[in-house]
Amino acid sequence: AKSAATSLVLFGVQKLANPLYANRQCAMRAVNESNPVAYSIHPLWKDMTYDDSCDGMVDEYADQQTNDTAHMESLIGFYYSRSLIALFAVAFVLYAVDKIRKTGVICSAVNFAMLQVLGFMMGTVYLMHVHFMQDITYLTGAIMHHARDKSLGLDAKRGTITQGYLTSGLLHRMYLQAAVYLTVSNSPRLRKFVSPVVAMGLLELWCVIMVNEVKKNHPLYHAYVSEHPDMDPGAPYSWFQRAYMHCIVHHETGYSFSGDPLLDPLYDGTLEVYAWLHNKVLNLALDSTAHHVFSTAFDVLMGVSGVGLCWIIAQVCSFVYSTVTSPFAPAEPTKAAASKKNE
């Protein structure tokens, strides 16, 4: 439902209100005209053919990515996320007080630390999927950044987001939060590690943190790499590694959707499969009905896979938490003691 809603909203706005809104033809033309070398080696784009519908309109399309509508969409996303975080903050405080009361300070400290690892990794899964949607699945306005370095998908200075980012990002976040809630609710092991509501809150919090980090660091990455084109990747998860993976690997090859050393290979492989099916096996024309059906169906599969990744990460974090805290955890009441207490 989420994937179908994303496709319908983007398609509906384009057909009923603004023909250039998140226009795939314009996106592909903009990149090929401005950066033909990168276009020619991109795993998906190199075998795509765009039509003449956006001929002479690329500048107008680019301007729309930072106009008043783009600013309004940015504000909607801002107030939505901040409102949710305020609500989840209350839930987290209640959870923390209850956790300390039941398990003690040491177990609670380990729990809170592992929850941040869980939130960070879930936020990474979210960010990589949304990036994949912009560049591959839905070919939205964020692709202008591949054509013009200063046309940022998330522009902190202008206070704008490109066309399609709000719709795809928010709908996917809602989907992922609902899936995380159900996953934790239906797992006795995970419920001992984190409450379903807190898991949703962690996802929202880390999504916002990561989006803000992208806004802040994105132009800095490009500025640094332009001055140091022969830079080394640096240590995993470092600022320099992120800069290298984005500016050099992603912009020159299309691979690396976040620079995460653990998850990048999975999403790079997904890109290869998408490109192979779309261009080689099915030979789909850009913007055809078959293209829209395929991209929507593929997004469904990616969404399910993303939930699976979050489940695996949560299970690992839960295992580490229970293993580390087992010497300090209060003893579970025996059945006899529980029965006597109930009497």
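Structural data are supplied above this passage.
Residues numbered from 1 in each chain as written. Predicted model: local features only at pLDDT ≥ 70, side-chain atom pairs only at ≥ 80, totals over all residues. Heavy atoms only, no water.

**Q** Describe in detail the layout of surface pockets, supporting the description with residues and values.
**A** It is a probe the size of a water molecule, rolled over the atoms, that shows where empty space is left. Computed from the structure, the largest pocket encloses a volume of approximately 660 Å³. For the lining of the largest pocket, the secondary structure elements donating two or more residues are α5 (68-137), α6 (144-147), α9 (196-227) and α10 (239-253). At seven residues, the largest contribution of residues to the lining of the largest pocket is made by α9. Broken down by class, the residue content of the lining of the largest pocket amounts to 13 nonpolar, 15 polar and three charged. (1 Å grid on protein atoms, 1.4 Å probe; cavity = no way out; pocket = protein on both sides within 12 Å on 5 of 7 lines; lining within 4 Å. Points joined across faces, edges and corners; volume = space filled by probe spheres on them. Helix = DSSP H or I, 4+ residues; strand = E, 2+ residues; numbered from the N terminus. Nonpolar A, V, L, I, M, F, W, Y, C, P; charged D, E, K, R; others polar.)

**Q** Could you give me a rundown of the packing of helix α7 (residues 165-185) against α9, with the residues and numbers involved?
**A** Two elements in contact, α7 and α9, have axes separated by 8 Å at closest approach and are oriented at 150°. The angle between α7 and α9 places the two elements in the roughly antiparallel class. Along this stretch, α7 crosses α9, giving a crossing that reads as right-handed. Touching R173, L176, Q177, V180, Y181, V184 and S185 of α7 are P196, V197, A199, M200, L203, E204, C207 and V208, all from α9. Residues belonging to the contact of α7 with α9 are distributed by class as follows: eleven nonpolar, two polar and two charged. (Axes fitted to C-alpha atoms, helices over the stretch in contact; angles between N-to-C directions. Parallel < 35°, antiparallel > 145°, perpendicular 65-115°, else oblique. Left-handed = near helix turned anticlockwise from the far one by under 90°. Contact = heavy atoms within 4.5 Å.)

**Q** How would you summarise the state of the cysteines if you had to cite specific residues and measurements?
**A** Tallying each qualifying case throughout the model produces one disulfide. Paired by a disulfide, C26 and C54 hold their sulfur atoms 1.9 Å apart. Residues C26 and C54 are joined through a disulfide that is right-handed, its torsion about the S-S bond being 100°. Remark: C54 occurs in the loop between α3 (36-41) and α4 (58-64) and C26 occurs in helix α2 (residues 24-34); sequence separation between them is 28 residues. You can call C26 buried: its relative accessible area is 0%. (Disulfide = S-S within 2.5 Å. Buried < 20%, exposed > 50% of the residue type's maximum accessible area, 1.4 Å probe, protein only.)

Without other data, these values stay purely geometric and don't point to any function.
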